[in-house]
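Notes for the structure review
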Amino acid sequence: MSPPAPDETTPADADEFALGCDACQAALADPGRDSISFLLTDQLTLPVVSCDEHLERFRAACALATTDTAETLTHRPAGGIHCPACRRAHTTAQPVVPVADGAVAVLGCPEHASALVGRFHTGLETRRQLTTSPV
Ligand SMILES: [Zn+2]
Ligand SMILES: [Zn+2]
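Notes on the structure follow. Along each chain, numbering runs from 1 in the same order as the chain's sequence is written. Lettering of chains starts at A and numbering of ligands starts at 1, both following the order in which they are written. In view of the model being predicted, local features appear only for residues whose pLDDT reaches at least 70, and side-chain atom pairs are presented and counted only at 80 or more, with totals across whole chains, interfaces and linings using the full set of residues.

With that settled, the discussion passes to the nonpolar core. Of all hydrophobic cores here, the largest spans 32 residues; its most connected members are L46, V48, A103, V104, A105, V106 and L116. Listing elements by their share of this core, those giving two or more residues are α1 (22-29), β2 (44-49), α2 (52-64), β4 (96-99), β5 (102-106) and α4 (110-130). In this structure, V48 is in contact with S37, L39, L55, V104, A105, V106 and L107, ignoring residues within four places of it in sequence. By convention the nonpolar core is taken to be a set of buried residues drawn from Ala, Val, Leu, Ile, Met, Phe, Trp, Tyr and Cys and joined through C-beta atoms within 7 Å. With C-beta atoms placed from the backbone, a residue is buried if 20 or more other C-beta atoms are within 10 Å of its own, exposed if 12 or fewer are, and partly exposed between those counts. Only DSSP runs of H or I reaching four residues or more are called helices, and only runs of E reaching two or more are called strands; each is numbered from the N terminus. The contact criterion used here is simple: two residues whose C-beta atoms, placed from the backbone, lie within 7 Å are in contact.

Written as structure tokens, this is what we have:
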């Protein structure tokens, strides 16, 4: 009887995804070579799709959640993607993470995508705790 929980099981369906950011919307609707970036943090290297602005927000939050650095590349990193399942994950449904009024799609296997999304949420929480006064 109760409606399904919208949060964790929302499929990555760009058609039903109304975003405030047109650039994110366009990138997610048609992820291609030009819109895929690579996010490197800790041991994770994952392809991600978003616009530049929201990718940067995502990266910044991930950086707060790691003692290592988090950086984005617009080209495939020299070491490539270590996880074979992540390499195949391009063609399957990916988690789409709301970031402010945009969104970031993480093109990894479920294990690594959730690890990265977890970092993002940890980073947001860290920032909330650091920011005692409203911006
Ligand atoms: Zn955007
Ligand atoms: Zn993986």
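With that settled, consider unusual backbone geometry. Phi at D42 takes a positive value of approximately 50 degrees, unusual for a residue other than glycine. Looking at the element boundaries, D42 is found in the loop between β1 (36-41) and β2. A residue is classified by how many C-beta atoms lie within 10 Å of it, and D42, with 15 of them, is partly exposed.

Across the sheet, which stays open at both edges, the five strands sit in the order β3-β1-β2-β5-β4 with antiparallel pairing between neighbours. A strand with exactly one partner marks an edge of an open sheet, and here the two such strands are β3 (70-73) and β4. When the angles between neighbouring strand axes are averaged without regard to direction, this sheet yields 35 degrees. Across six bridges, the pairing between β1 and β2 is antiparallel. Of the residues in β2, the one forming a bridge with I36 is V49. Orientation is described by lines fitted to C-alpha atoms, with helices fitted over the stretch in contact, and by angles between N-to-C directions that extend from 0 to 180 degrees. Those strands touched by α4 are β1, β2, β4 and β5, and its axis lies near 80 degrees from that of β2. The rule for pairing is simple: two strands pair if DSSP sees at least two bridges between them.

To continue, consider the packing of α2 against α4. Following both chains from N to C, one finds α2 and α4 inclined at 80 degrees, their axes separated by 7 Å at the closest point. In terms of their interaxial angle, α2 and α4 are classed as roughly perpendicular. Taken together, the residues of α4 that come into contact with α2 (itself represented by F58, A61, C62, A63 and L64) are L116, R119, F120, G123, L124, T126 and R127. Gly is put with the polar residues, along with every residue not named as nonpolar or charged; the nonpolar set is Ala, Val, Leu, Ile, Met, Phe, Trp, Tyr, Cys and Pro, and the charged set is Asp, Glu, Lys and Arg. Its residues assigned to classes, the contact of α2 with α4 comprises eight nonpolar, two polar and two charged. Convention used here: angles under 35 degrees read as roughly parallel, angles over 145 as roughly antiparallel, angles from 65 to 115 as roughly perpendicular, and any remaining angle as oblique.

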